[in-house]
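As a plain string of letters, each chain reads:
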Amino acid sequence: MSDDLVFRMGEYAAHFPTDRLYARNHMWAQSVGTERYRFGFAAYAVRLLQDVYFLDWEVPAGALLIARQEIGQIESQKAEASLYAPMAGTLTTLNTALLKDPSAVNVGAYDQGWLFEIAGRGEDLLTPEQYLEHLTAVWEV
């Protein structure tokens with residue numbers, strides 16, 4: 001965690017690894033090949049959601065997505081919400097293990113708690129520094 005960026009949410013410190021990109025909808029994106037990204041919830045989203053206990057996908061692997069398209073549902077201790085595609089592309093893989101046990105989102109958001117993979121250009125993804133600026137603006141609102 002020494003290379004992480006940190007965003008203070010009151011007394012809570014949200015850590016963001018600098019080895020990946022981020023989306024405005026509070027997901028991280030890690031390159032897993034040429035124009036293919038694995039996504040999961042950033043620490044900011046995990047902290048706001050708290051204890052995820054239900055996850056469901058509305059689109060199958062292989063689906064062509066547009067940015068901000070609704071792709072699933074999530075329920076947690078703090079919220080029930082729709083999940084939206086962080087970028088346009090082809091949904092190549094879903095982490096189906098999370099359907100049986102979504103608690104990995106809570107305990108391993110940056111590894112086994114990953115959500116899905118999308119093949120696409122990713123031109124709207126943010127650097128860690130840009131994401132930190134985005135968080136600061138969102139937090140102030």
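See the structure above.
Read on for an overview of the structure. (Residues numbered from 1 in each chain as written. Predicted model: local features only at pLDDT ≥ 70, side-chain atom pairs only at ≥ 80, totals over all residues. Heavy atoms only, no water.)

1. Digging into unusual backbone geometry
Our working rule: What counts as a helix is a DSSP run of H or I of at least four residues, what counts as a strand is a run of E of at least two, and both are numbered from the N terminus. The rule is simple: take the accessible area with a 1.4 Å probe, protein chains only, and divide by the maximum for that residue type; under 20% is buried, over 50% is exposed, in between is partly exposed.
The phi angle at Glu35 is positive, at roughly 50°, despite the residue not being glycine. Following the sequence through the fold, Glu35 ends up in the loop between β4 (27-31) and β5 (36-41). By relative accessible area, Glu35 is classed as partly exposed at 44%. A positive phi is found at Asp51, a non-glycine position, where the angle reads about 30°. Note that Asp51 resides in the loop between α1 (43-49) and β6 (52-57). Under the relative-accessibility criterion, Asp51 is labelled partly exposed at 46%.

2. So, the nonpolar core
As a reminder, the rule being used: Take the buried Ala, Val, Leu, Ile, Met, Phe, Trp, Tyr and Cys residues and link them wherever side-chain atoms come within 4.5 Å; each set so joined is a nonpolar core.
Residues Phe39, Phe41, Trp57, Leu65, Ile71, Leu115 and Phe116 are the most contacted members of the largest nonpolar core, which totals 30 residues. Sorting the residues of this core by element identifies β4, β5, α1, β6, β8 (70-76), β10 (89-94), α3 (104-107) and β11 (116-119) as the ones contributing at least two each. Judged by nonpolar contacts, the second largest core, of 13 residues, contains Tyr22, Trp28, Tyr131 and Leu135.

3. Things to note about the environment of Tyr110
Quick note on the threshold: Every residue pair with non-hydrogen atoms within 4.5 Å of one another is taken to be in contact. Two N or O atoms count as a polar contact when they lie within 3.5 Å, although within protein this holds only if one can serve as hydrogen donor and the other as acceptor, and sequence-adjacent residues are included solely when both atoms are side-chain atoms.
Take Tyr110: it is sitting in the loop between α3 and β11. For the pair Tyr110 and Ala88, spaced 22 residues apart in sequence, the C-alpha separation works out to 22 Å. Dropping the residues within four chain positions of it, Tyr110 is found in contact with His15, Phe16, Pro17, Arg20, Tyr22, Trp28, Phe41, Ala42 and Ala43. Within polar-contact distance, the side chain of Tyr110 engages the backbone nitrogen of Ala43 at 2.9 Å.

4. Details of the side chain of Glu117
Structurally, Glu117 is set in strand β11. Relative accessible area serves as the criterion here: at 5%, Glu117 is assigned to the buried category. At 2.6 Å, the side chain of Glu117 forms a polar contact with the side chain of Arg38. Contacts of Glu117, omitting those with residues within four sequence positions, involve Val32, Arg36, Tyr37, Arg38, Thr90, Leu91, Thr92 and Thr93.

5. Digging into the pairing of β11
Here is the rule we go by: When DSSP finds at least two bridges between two strands, those strands are taken to pair.
Taken together, the four bridges between β5 and β11 define a ladder with antiparallel strand orientation. Within β11, the residue paired with Arg38 across the bridge is Glu117. Note: β10 against β11, four bridges, orientation antiparallel. Bridging across to β11, Leu91 finds its partner in Ile118.

6. Things to note about the sheet that holds strand β7 (residues 64-65)
On the basis of which strands lie adjacent, the open sheet formed by six strands has the order β3-β4-β5-β11-β10-β7 and antiparallel pairing. Strands with a single pairing partner mark the edges of an open sheet, and in this sheet they are β3 (21-23) and β7. Pairing analysis gives three bridges linking β3 to β4, with the strands arranged antiparallel. Looking at the pairing, Ala23 lines up with Met27 of β4.

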